[in-house]
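# Results of the structural survey
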Amino acid sequence: MDHIEQLAYDAATHGRLIAKVEENKALVNFRKTQGNAQNPENSQKFHHYWAQLRQDASTELTVYLRDRRKKNKTDTQGRQR
């Protein structure tokens, strides 16, 4: 079980790092495409959009894992683990 916990921790750490890199890349691109990128309203729009992307990704992962768990329970019904 320790091995699985270490894998989960590593995956979460790498995922967080990749998310931060992607956010920074998106922010740079956003600033390049916006004429007035320093405008607080534009910056707020970007951060709102990015928060929505994070929420969508989190929701998709939750649904995937929940469905996977249900499938595993269905596949192992009647069998002892």
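Residues numbered from 1 in each chain as written. Predicted model: local features only at pLDDT ≥ 70, side-chain atom pairs only at ≥ 80, totals over all residues. Heavy atoms only, no water.

## Overview of helix α1 (residues 2–33)
Residues separated by three or four positions in an α-helix point in the same direction, a consequence of the helix having 3.6 residues per turn. Using the following cut-off: Note on conventions: DSSP H or I runs of at least 4 residues are helices, E runs of at least 2 residues are strands, and numbering of each starts at the N terminus. Residue count minus one, scaled by 1.5 Å, sets the expected span of a helix. The classification of residues rests on relative accessible area computed with a 1.4 Å probe and restricted to protein chains. Under 20% of the type maximum is buried, over 50% is exposed, and intermediate values are partly exposed.
In this model α1 runs 46 Å from its N-terminal to its C-terminal C-alpha over 32 residues, within 8% of the 46 Å that 1.5 Å per residue would give. Buried within α1 are the following residues: Glu-23, Leu-27 and Phe-30.

## Quick word on the packing of aromatic side chains
Inclusion rule: Within 6.5 Å between ring centres, the rings of Phe, Tyr and Trp (the latter by its six-membered ring) count as paired, and their orientation is classed by plane angle as stacked under 30 degrees, edge-to-face over 60, tilted in between.
The final tally for this structure, using the stated rule, is two aromatic pairs. On the basis of an interplanar angle of 35° and a centroid distance of 5.3 Å, the ring pair of Phe-30 and Phe-46 is categorised as tilted. One end of the pair, Phe-30, is in helix α1; the other, Phe-46, is in helix α2 (residues 40–75), with 16 residues separating them in the sequence. For the pair shown, Phe-30 and Phe-46 are each scored as buried. On the numbers, 6.1 Å between centres and 20° between planes, the contact of Phe-46 with Trp-50 is stacked. Taken together, the residues span about one helical turn, with Phe-46 and Trp-50 both in helix α2 at a distance of four residues.

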